[in-house]
Every structure is written in C-alpha cells, then in structure tokens.
Amino acid sequence: MELSLIQKIVIYAPPIIFAITVHEAAHGYAAKYFGDMTAFNAGRITLNPIKHIDPFGTILLPAITILLGGILFGWAKPVPVDFSRLRNPKKDMLWVAAAGPASNFVMAIFWALVIKFSAGAPEAIAYPLAMMAKAGIAINIVLMVLNLLPLPPLDGGRIAVSLLPMNLARPFAQIERFGFIILIALLFTGVLSRILTPLINVVDGLINSLI
C-alpha cells in the first residue's frame with residue numbers, strides 16, 4: 001500500500017521526533033549522573049521534544065531523506081555537556097556519549113513490542129499502529145548505528161576519544177572541526193549508506209531475535 005505524503009508525515013513524525021529528542025535527553029541525564037549539571041541548568045534534561053527540536057535537523061532534513069528514500073539523517077539541538085565538569089572526564093565521556101545510542105536501542109525494542117501489541121488491536125488502528133512501529137524500529141536503528149560511527153562529533157567519535165590513550169585521543173579529537181563536513185560528504189556520495197546498511201541489518205536481526 002503506497003502511503004500519501006500526509007500519511008507518511010503522520011506515521012513517521014512521532015517516531016522521528018522522539019528518537020532524536022530522547023537521544024539528546026539521555027546525554028543530559030547521563031552527564032548529570034556523572035557530575036555535569038550544564039544540561040540540567042539549561043532545562044534540557046526533559047522528554048519534552050519542543051526543548052530539543054532543531055527546525056532543520058529534526059524536521060526538514062529527516063523528511064527530505066525519507067521522501068527521497070535514502071538513509072534517515074537528522075539531528076536535534078545538541079544537549080550542552082561540559083566534559084571538564086564530569087567527575088572523571090575522559091572515562092565518563094564514554095558513558096555520556098553511549099547514553100544516546102543506548103536510548104535508541106531501547107526505543108527500537110519498545111516499537112518492536114508495539115508491533116506485537118498491534119496484532120491484537122482493533123482493526124481501525126492495527127495497520128497504522130504497525131506502520132508507525134515499523135518506522136520507529138527503522139529510525140531508531142539507523143540513528144543508533146549512525147551515531148556509533150567513530151567520527152567526532154558523533155557519539156562513536158567521543159567513545160573512541162575516551163578509549164584511546166591520551167597521545168592518540170587528542171589528535172583524533174581534532175577531527176571534530178571537520179566531522180560534520182566529512183559526514184555530509186559521505187551521505188551525498190552514497191558511502192554512508194554502504195557503511196551503515198550491513199550494520200543496520202545486523203542490529204535489526206538482533207532485535208527480531210530478542211522479540
């Protein structure tokens with residue numbers, strides 16, 4: 001069944017908004033736990049998506065990539081984290097960075113459970129609910145895998161900086177100033193899709209095996 005533009009918006013909007021915004025809130029929660037109150041003081045430790053939405057990165061760009069049939073791509077307003085305020089900055093950076101992708105994994109499992117629930121739902125809502133859940137699984141898996149790429153400023157890049165010895169971590173962290181440009185280049189050349197697709201398939205299979 002081919003969906004109209006309005007139907008795509010209705011089905012994809014909730015999973016996209018919450019996948020991206022919960023991801024950011026998770027960073028804030030983790031930073032607070034490890035001693036940095038920057039996000040808390042800025043009012044960013046919240047599940048209210050309005051606090052995290054970036055009009056271009058959270059709404060327009062994901063909509064364009066979905067309509068064009070490519071890999072979902074987008075971002076929210078980054079939660080402010082002052083890594084120097086963490087109790088053990090280099091070590092704790094790993095957990096703060098990993099909190100975002102971990103939240104996407106949990107949300108993917110949640111949407112997989114929603115698919116199971118939709119099978120017993122009233123006929124009027126069963127199909128759209130299942131479609132939304134499938135979108136939720138796909139979106140969260142893509143965001144999790146994308147953010148785990150070892151490229152600063154992605155979460156995987158920060159995890160790599162945390163794990164590398166200091167003499168390698170410092171020069172590697174300097175890539176961050178070019179990271180976004182590299183990512184956009186990978187996206188538009190199709191390289192990003194070729195990197196992510198096998199990893200996405202692995203995670204999707206894992207979630208299916210768990211549920």
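Everything that follows concerns the structure shown earlier in this document.
Residues numbered from 1 in each chain as written. Predicted model: local features only at pLDDT ≥ 70, side-chain atom pairs only at ≥ 80, totals over all residues. Heavy atoms only, no water.

**Student:** Would you take a moment to explain the overall build of the protein for this structure?
**Tutor:** Counting its secondary structure elements, the protein contains nine helices and zero strands. Here the C-alpha radius of gyration of the protein, 18 Å, is about what a compact globule of 211 residues would show, namely 17 Å. With the C-alpha coordinates aligned to their principal axes, the bounding extent of the protein is approximately 60 × 35 × 35 Å. Considering the protein as a whole, with its 211 residues, one finds that 45% of them fall into the buried category. In the protein, of all internal contacts separated by at least 6 residues, the share reaching a separation of at least 24 is 70%. Summed over all atoms, the accessible surface of the protein reaches about 11,100 Å², with 71% contributed by carbon and sulfur. (Helix = DSSP H or I, 4+ residues; strand = E, 2+ residues; numbered from the N terminus. Rg over C-alpha atoms; globule rule 2.2 N^0.38 Å. Buried < 20%, exposed > 50% of the residue type's maximum accessible area, 1.4 Å probe, protein only. Contact = heavy atoms within 4.5 Å. Areas by Shrake-Rupley, 256 points an atom, 1.4 Å probe, with all protein chains shown as cover.)

**Student:** Just checking my understanding: could you explain the side chain of Ser-162 for this structure?
**Tutor:** Position of Ser-162 relative to the elements: it lies in helix H6 (residues 155-163). With a relative accessible area of 9%, Ser-162 lands in the buried category. For Ser-162, the side chain forms a polar contact with the main-chain oxygen of Lys-90, separated by 2.6 Å. Those residues in contact with Ser-162, other than ones at most four positions away along the chain, are Lys-90, Lys-91, Met-93 and Leu-94. (Polar contact = N/O pair within 3.5 Å; in protein donor to acceptor, adjacent residues only side chain to side chain.)

**Student:** Would you mind going over the packing of aromatic side chains with me for this structure?
**Tutor:** Any aromatic ring pair is given by two values, namely how distant the centres are and how the planes are angled relative to each other. On inspection of all chains with the given rule, the structure shows two aromatic pairs. Measuring from ring centre to ring centre gives 5.0 Å for Tyr-33 and Phe-34, while their planes differ by 85 degrees; the resulting arrangement is edge-to-face. Relative to Trp-111, the ring of Phe-110 lies with its centre 5.2 Å away and its plane at 65 degrees, an arrangement referred to as edge-to-face. Among the residues examined, Phe-110 registers a relative accessible area of 46% and is labelled partly exposed. (Phe/Tyr/Trp six-rings, centres within 6.5 Å; stacked < 30°, edge-to-face > 60°.)

**Student:** Honestly, the pattern of salt bridges in this entry has me stumped. Any pointers?
**Tutor:** Close approach of charged atoms allows side chains of opposite charge to pair. Per the stated rule, a full pass over the model turns up two salt bridges. Notably, a salt bridge pairs Arg-85 with Asp-82, separated by 3.3 Å at the nearest N-O pair. (Salt bridge = Lys/Arg side-chain N within 4 Å of Asp/Glu carboxyl O.)

**Student:** Whenever I open this one, the nonpolar core confuses me. Can you help?
**Tutor:** Looking at soluble globular proteins, one finds that nonpolar side chains tend to be buried together. By size, the foremost hydrophobic cluster in this structure holds 31 residues, and its most contacted members are Ile-141, Val-145, Leu-192 and Leu-196. Counting only elements with at least two residues in this core, the list comes to helix H1 (5-33), helix H4 (89-118), helix H5 (123-147), helix H8 (176-189) and helix H9 (191-210). At 12 residues, the largest contribution of residues to this core is made by H5. Discounting chain neighbours no more than four positions away, the residues touching Val-145 are Leu-196, Leu-199, Ile-200 and Val-203. (Core = buried A, V, L, I, M, F, W, Y, C linked by side-chain atoms within 4.5 Å.)

**Student:** Just to check I follow, could you spell out a nonpolar patch on the surface for this structure?
**Tutor:** A cluster of nonpolar side chains, contributed by Phe-56, Leu-60, Ile-64 and Leu-68, occupies part of the molecular surface with about 390 Å² of accessible area. Along the chain, the position of Ile-64 falls in helix H3 (residues 55-67). Of the residues examined, Ile-64 reaches a relative accessible area of 36% and is grouped as partly exposed. (Patch = residues over 30% accessible without salt bridge, like charges linked within 9 Å, V, L, I, M, F, W, Y side chains within 5 Å.)

**Student:** How should the side chain of Thr-46 be read in this particular structure?
**Tutor:** Looking at the element boundaries, Thr-46 is found in the loop between helix H2 (38-41) and H3. Here the side chain of Thr-46 touches Asn-48 through a polar contact of 3.0 Å, landing on its backbone nitrogen. Leave out the neighbours within four places in its chain, and Thr-46 touches Ala-25, Lys-51 and His-52.

**Student:** Can you help me understand H4 in this one?
**Tutor:** Spacing of three or four residues puts side chains on the same side of an α-helix, whose turn is 3.6 residues. Here H4 contains 30 residues, and its C-alpha end-to-end distance of 44 Å stays within 8% of the 44 Å for a straight helix at 1.5 Å per residue. Residue Ala-99 marks the point of greatest curvature in H4, where the axis turns by about 35 degrees; the proline Pro-101 follows within four residues. (Expected span 1.5 Å × (residues − 1). Bend = angle between axes of the 7 residues up to and from the residue.)

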